[in-house]
Amino acid sequence: MAAAKKAVLGPLVGAVDQGTSSTRFLVFNSKTAELLSHHQVEIKQEFPREGWVEQDPKEILHSVYECIEKTCEKLGQLNIDISNIKAIGVSNQRETTVVWDKLTGEPLYNAVAAPVSPGPSDPVAVVPSGSSVPAAGAASVWLDLRTQSTVESLSKRIPGNNNFVKSKTGLPLSTYFSAVKLRWLLDNVRKVQKAVEEDRALFGTVDSWLIWSLTGGASGGVHCTDVTNASRTMLFNIHSLEWDKELCEFFEIPMKILPNVRSSSEIYGLMCLGDQSAALVGQMCFQDGQAKNTYGTGCFLLCNTGRKCVFSEHGLLTTVAYKLGRDKPVYYALEGSVAIAGAVIRWLRDNLGIIKTSEEIEKLAKEVGTSYGCYFVPAFSGLYAPYWEPSARGIICGLTQFTNKCHIAFAALEAVCFQTREILDAMNRDCGIPLSHLQVDGGMTNNKILMQLQADILYIPVVKPSMPETTALGAAMAAGAAEGVGVWSLEPEDLSAVTMERFEPQINAEESEIRYSTWKKAVMKSMGWVTTQSSESGDPSIFCSLPLGFFIVSSMVMLIGARYLSGMP
């Protein structure tokens, strides 16, 4: 019997979407933007101590291989010829830090996460199909808080009237970004120190690790990143678009371990683009003032500010949005980052056990339709934008005897929406022109109650594409548009129309404001729960604790007195 004829669909583009909680590989038709097939694998997070979040770089890499293999199998079952895949984009979590041995390809420590999410953020690689990949290096996940004392120590060295770190990077000094994680690894992990001394160490965010591995690894892998990922390290000058010598000296980071920086759409064996920047491209936010919000592990709201680098006065980050070609201009964005969004649903499932699957949250919330005055501030890793308050911790308040798990589930969804409202308010004040609607994407947007709540709390329409995988789509678009690939046009007239679902506010403005002002009260109560005292600050003496000091002194007096009395006739 003759073999079935393979379907011819024109050029295809793949996208690796490597996030905090899972890895996916998706394949799109470059002419229609249709998603043809995909596969997803969950990855583990490790919590070796309170506030520490790590991931295994090898597991991340192997999950990418598995997703590519399974997706190609599915394409074969659909009779689609995988030789039509002309480029692969990679979108990854941005601030998570990896250090590996360039001679062996082995990790020198687990990946250290940014304190989520998420973002939540991720890059894009264009590689020839069939590239081989060896094992990887040490990493630190973006949700990790171990570096708080490092941040406090460094902040004392920044002059109050000359915050050169923020003016060069657009970022506040925070545990969120890669430089302090890398500094911690250099200070505390002997294997990392030794590899740097022997010129064997390479540093990168997850995009660099994957690209290096996918393009040959120890056998000639390309060590690079793109401008969007570099801009999240706190070592990159977003004006000159180069690693900054003064910043590297401030953090005491050797520049020889840093990756080469490329544009977001070109072939060097690969192409990179941070995940939130990929989502901005996928939502086609190419004009000044266009914004999108991605709901993943964290929540990330980006507004395109064009070729102008706008510095926020209301707690937002200034970041590189994209640079779609070696000779193309760079575009900037204002970004608001929320540490905990989808992660709160996972917490309700894995820690409290009130749901068995993430999808059940919508059913529970629907049963009651209200939080009944219960407010949930999920500040598990402190508060990110617009507060940047590491002392905050999560609280659930407004509880009564009537409160049950359904109300807590509803409050958890509201928390995601309230945090987005805070970011949007800050963005409107910085930009001066309020957004008329919000474009959204990410896995959580499948939850219709969440989307309606978001429209009610923002009191503007929320617009969701029918295909929510815009992060992966953006990665694929940037990969397919790269010079030398050229299978995907980014010209406005060539972009496919996307079907949208629209959620209009269904409550009055007064009720929306009352609920939001009560949320703000809850946020204030979440602050100041944790104080961090580094070993460098303060007297390490036991007498710095007055109760303990008085106890020891009084005990000594009693002992001397007892000896004196026992010696009397």
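Worth saying up front: this structure is predicted, and the values here are computed from it rather than measured.

Peer 1: What is the right way to look at the packing of helix α1 (residues 57–77) against helix α6 (residues 206–214) in this model?
Peer 2: When two helices pack together, their arrangement is captured by the angle between the axes and the distance separating the axes. Contact pair α1 / α6: the axes reach a minimum separation of 11 Å and the direction vectors enclose 60°. When the axis of α1 is compared with that of α6, the two are oblique. As α1 packs across α6, the resulting crossing turns out to be right-handed. Contacts from P57, I60, L61, V64 and Y65 of α1 reach α6 at V206, W209, L210, S213 and L214. For the contact of α1 with α6, the class distribution of residues is 9 nonpolar, 1 polar and no charged.

Peer 1: Would you mind going over the sheet that holds strand β15 (residues 299–306) with me for this structure?
Peer 2: What links the strands of a sheet is backbone hydrogen bonding, and the strands pair in either a parallel or an antiparallel sense. Taken in spatial order, the 7 strands of this open sheet run β16-β17-β15-β14-β20-β21-β22, and their pairing is mixed. Among the strands making up the open sheet, the edge pair consists of β16 (317–322) and β22 (500–503). Adjacent strand axes in the sheet meet at a mean angle of 30°, parallel and antiparallel pairs treated alike. With 5 bridges connecting them, β16 and strand β17 (residues 331–338) associate as antiparallel partners. In the sheet register, L317 faces β17, and the bridge partner there is E335.

Peer 1: Before we go on, may I ask you to explain the pattern of salt bridges in this structure?
Peer 2: All chains considered together, the criterion is met by 24 salt bridges. Between D244 and K168 there is a salt bridge whose closest N-O contact spans 3.1 Å. Here K168 lies in helix α3 (residues 164–169) and D244 lies in the loop between β12 (242–243) and α8 (245–251), a separation of 76 residues in the sequence. K168 sits in the buried class, given a relative accessible area of 18%. Within this structure, R94, E95, R232 and E335 form a network of salt bridges that share partners.

Peer 1: Explanation requested: the confidence of the model for the chain in the structure shown.
Peer 2: Detailed reading of the predicted coordinates is not advisable wherever pLDDT is low. The pLDDT averaged across the chain works out to 81; a share of 81% of its residues lies at or above 70. Taken element by element, the chain is modelled with least confidence in strand β8 (residues 138–141), mean pLDDT 45, and with most confidence in strand β18 (residues 375–377), mean pLDDT 97. Residue range residues 270–274 is modelled with pLDDT below 50. Its contacts to residues more than four positions away, or to other chains, number 52 contacts. Below pLDDT 50 for its whole length, residues 533–553 participates in 10 contacts with residues either more than four positions away or in separate chains.

Peer 1: What am I meant to see in α6 here?
Peer 2: Along an α-helix, a turn takes 3.6 residues, which lines up residues three or four apart on a common side. Across the 9 residues that make up α6, a large majority, 9, are buried. Listed in full, the buried residues belonging to α6 are V206, D207, S208, W209, L210, I211, W212, S213 and L214. G216 sits one or two residues past α6 and shows a positive phi near 130°.

Peer 1: Teacher, can you tell me more about the environment of G528 here?
Peer 2: By the secondary structure assignment, G528 is in the loop between α15 (509–526) and α16 (546–566). The class of G528 is exposed, set by a relative accessible area of 54%. Apart from residues lying up to four places away in sequence, G528 is in contact with S391 and A392.

Peer 1: Where do I start with the nonpolar core in this structure?
Peer 2: Side chains that are nonpolar tend, in soluble globular proteins, to be buried together. In terms of nonpolar packing, the biggest core is built from 133 residues, with F28, F251, Y295 and W488 touching the most fellow members. Here this core takes 15 residues from helix α12 (residues 405–431), the largest share from any one element. Each of domain 1 (12–118 + 139–262 + 466–496) and domain 2 (276–465 + 497–528) accounts for three or more of the residues forming this core. Look past the residues within four positions of Y295 in its chain and what remains in contact with it is V416, T420, L438, V440, D441, G442, G443, M444, T445, L450, M451 and Q454.

Peer 1: Help me understand the pairing of strand β6 (residues 97–101), please; the structure alone is not making it clear to me.
Peer 2: Regular strands place their side chains on alternate faces of the sheet. Within β6, 5 of the 5 residues are buried, which leaves it mostly tucked inside the rest of the structure. Burial along β6 is two-sided: the residues T97, V99 and D101 and V98 and W100 are all buried. Relative to strand β9 (residues 201–205), β6 runs antiparallel, the two being bridged by 5 bridges. Opposite D101, over in β9, you have A201 as the bridge partner.

Peer 1: Would you mind showing me how to read the packing of helix α4 (residues 178–188) against helix α5 (residues 190–197) here?
Peer 2: One can describe the packing of α4 onto α5 by two numbers: an axis separation of 5 Å at closest approach and a directional angle of 95°. In terms of orientation, α4 lies roughly perpendicular with respect to α5. Each of L185, L186, D187 and N188 in α4 lies in contact with α5, whose residues at this interface are R190, V192, Q193 and V196. Grouping the constituent residues of the contact of α4 with α5 by class yields 4 nonpolar, 2 polar and 2 charged.

Peer 1: Honestly, the sheet that holds strand β3 (residues 35–42) in this entry has me stumped. Any pointers?
Peer 2: Spatially, 4 strands are ordered β3-β2-β1-β5 in an open sheet, and the strand pairing comes out mixed. Where the open sheet ends on each side, the last strands, each with one partner, are β3 and β5 (85–92). In this sheet, neighbouring strand axes are inclined to one another by 15° on average, regardless of whether the strands run parallel or antiparallel. Sheet topology note: the strand β1 (residues 12–18)/strand β2 (residues 22–29) ladder contains 7 bridges and is antiparallel. Residue pairing in the sheet places V16 in a bridge with F25 of β2. Packed onto the sheet, α6 meets β1 and β5 and runs at close to 150° relative to β5.

What counts, and where the lines are drawn
- Residues numbered from 1 in each chain as written.
- Predicted model: local features only at pLDDT ≥ 70, side-chain atom pairs only at ≥ 80, totals over all residues.
- Heavy atoms only, no water.
- Axes fitted to C-alpha atoms, helices over the stretch in contact; angles between N-to-C directions.
- Helix = DSSP H or I, 4+ residues; strand = E, 2+ residues; numbered from the N terminus.
- Parallel < 35°, antiparallel > 145°, perpendicular 65-115°, else oblique.
- Left-handed = near helix turned anticlockwise from the far one by under 90°.
- Contact = heavy atoms within 4.5 Å.
- Nonpolar A, V, L, I, M, F, W, Y, C, P; charged D, E, K, R; others polar.
- Pairing = 2+ DSSP bridges.
- Salt bridge = Lys/Arg side-chain N within 4 Å of Asp/Glu carboxyl O.
- Buried < 20%, exposed > 50% of the residue type's maximum accessible area, 1.4 Å probe, protein only.
- pLDDT = per-residue confidence, 0-100.
- Core = buried A, V, L, I, M, F, W, Y, C linked by side-chain atoms within 4.5 Å.
- Domains from an automatic or database assignment.

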